[in-house]
Amino acid sequence: MYWFIFCDNRLLLEKKEKGGYTIPFGKHPPVPLSANPLTVPDTGDMVCQTGTADVSAEETDRYILVALRASWDMLEPRFYLIAGKASQLLYWERHSRFCTACGTATESSPLPVMRFCPSCRHELYPFISIAILALVRKGDEEILLVRARNFKGAFHGLVAGFLEIGETLEECVAREVKEETGLDVCNITYFGNQSWPFPSGLMVGFTADYAGGEIKLQEDELTDGAFYNRGNLPPLPLKSSLARQMIDGWLTHPSSLSK
Ligand SMILES: [Zn+2]
């Protein structure tokens, strides 16, 4: 079985003999675990276990620890996706120990990803935070890129924000763009979505067209925001992100994204 082991939010990878990295495989966990491992559900014909390493886990000649985001460049895509799922499973386990209705300690259930309250029978399932991404075009030549205060590094990305209760995804796009930049948008169109295990979310991408207004940044969220053309793009998000896939899609096929 494959072992998706995390230590201090970093994923344990095994060095391959001929170079590169992979997920450790074997009957037993590659390092001591701090608790019983969990089975990652729905991983096809692969058996995948996940757990948190004992605090003593450290890098050796055989193993390294890398941030989950960084592992995208180092692992086969199927392993990266399962690592994201494993990370969310562990996060949910850590944050569902007590009933959210009455505070009683929860118990595990025969279902792989459910816990329940023995006192009030409330059932707890993983919570997934839904966030939108908005690629806003101005004509055929420009897109809106912003720099959020919480971005690590110098890159600029797309307007993003969490879905609020009672809101459709399209309403969320229009509200977030307006709140963060002061702009109105139209032609809001679904692009794609991506599981976002940082720590447990789903990114849903939309394209839209500029419909009016002057840029006025929400300064507690953004440090920069402007329309950029293909010739003056700032540093862009990592290639693993949906935001980057949307920007790259616009760069290579601008017409396929419009209308
Ligand atoms: Zn309860």
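In case you missed it, the structure is sitting above this.
Procedures and definitions
Residues numbered from 1 in each chain as written. Predicted model: local features only at pLDDT ≥ 70, side-chain atom pairs only at ≥ 80, totals over all residues. Heavy atoms only, no water. Helix = DSSP H or I, 4+ residues; strand = E, 2+ residues; numbered from the N terminus. Buried < 20%, exposed > 50% of the residue type's maximum accessible area, 1.4 Å probe, protein only. Contact = heavy atoms within 4.5 Å. Phe/Tyr/Trp six-rings, centres within 6.5 Å; stacked < 30°, edge-to-face > 60°. Lys NZ or Arg CZ within 6 Å of the ring centre and 35° of its normal. Salt bridge = Lys/Arg side-chain N within 4 Å of Asp/Glu carboxyl O. Donors = N, O, S within 2.8 Å, 3.2 Å for Na, K, Ca; no water. Tetrahedral: all angles 85-135°; square planar, octahedral: opposite > 155°, others 65-115°.

**Q** Got a minute to help me understand the overall build of the chain in this structure?
**A** Helix and strand content of the chain: five helices and 15 strands. Considering only C-alpha atoms, the chain reaches an extent of 60 × 55 × 35 Å along its principal axes. Looking at the chain as a whole, 44% of its 259 residues are labelled buried. The long-range share in the chain, meaning contacts at least 24 apart out of those at least 6 apart in sequence, stands at 60%.

**Q** Can you help me understand the packing of aromatic side chains in this one?
**A** The geometry of an aromatic ring pair is captured by the separation of the ring centres together with the interplanar angle, meaning the angle of the planes. One pass over the structure, following the stated rule, counts seven aromatic pairs. Seen in terms of ring centroids, Tyr 190 and Phe 206 are 5.9 Å apart; in terms of plane orientation they differ by 70 degrees. Their pairing is edge-to-face. Residue Tyr 190 is found in strand S13 (residues 184-196), and its partner Phe 206 is found in strand S14 (residues 201-212); the two are separated by 16 residues along the sequence. Through successive ring pairs, a cluster of aromatic residues spans Tyr 2, Phe 4, Phe 25 and Phe 79. Here Arg 69 stacks its cationic end above the ring of Phe 198, 4.2 Å away from the centre of that ring.

**Q** Just checking my understanding: could you explain the pattern of salt bridges for this structure?
**A** Should the charged atoms of two oppositely charged side chains come close, the side chains can pair. Applying the stated criterion to the full structure yields 12 salt bridges. For the salt bridge of Asp 248 with Arg 244, the shortest nitrogen-to-oxygen distance reads 3.0 Å. Taken together, the positions of Asp 248 and Arg 244, both in helix H4 (residues 242-252) and four residues apart, correspond to about one turn of that helix. Owing to a relative accessible area of 22%, Asp 248 belongs among the partly exposed residues under this scheme. Taken together, the shared-partner salt bridges in this structure form one network comprising Glu 164, Glu 167, Arg 175, Glu 176 and Glu 179.

**Q** What's the story with the coordination of the zinc ion in this structure? I'm lost.
**A** Geometry reference: four tetrahedral donors at a metal, ideal angle 109.5 degrees. Six octahedral donors, ideal angles 90 or 180 degrees. At this site the zinc ion is bound by Cys 99 (SG), Cys 102 (SG), Cys 117 (SG) and Cys 120 (SG), with donor distances of 2.3 Å. One can describe the site at the zinc ion as tetrahedral: its four donor atoms subtend angles covering 101 to 118 degrees at the metal. Going along the chain, you hit the donors of the zinc ion in the pattern C-x2-C-x14-C-x2-C. In this pair, Cys 102 sits in the loop between helix H2 (77-94) and strand S7 (107-108) while Cys 120 sits in the loop between strand S8 (115-116) and strand S9 (123-124), placing the two residues 18 residues apart along the sequence. Cys 120 gets classed as partly exposed once you look at its relative accessible area, which sits at 36%.

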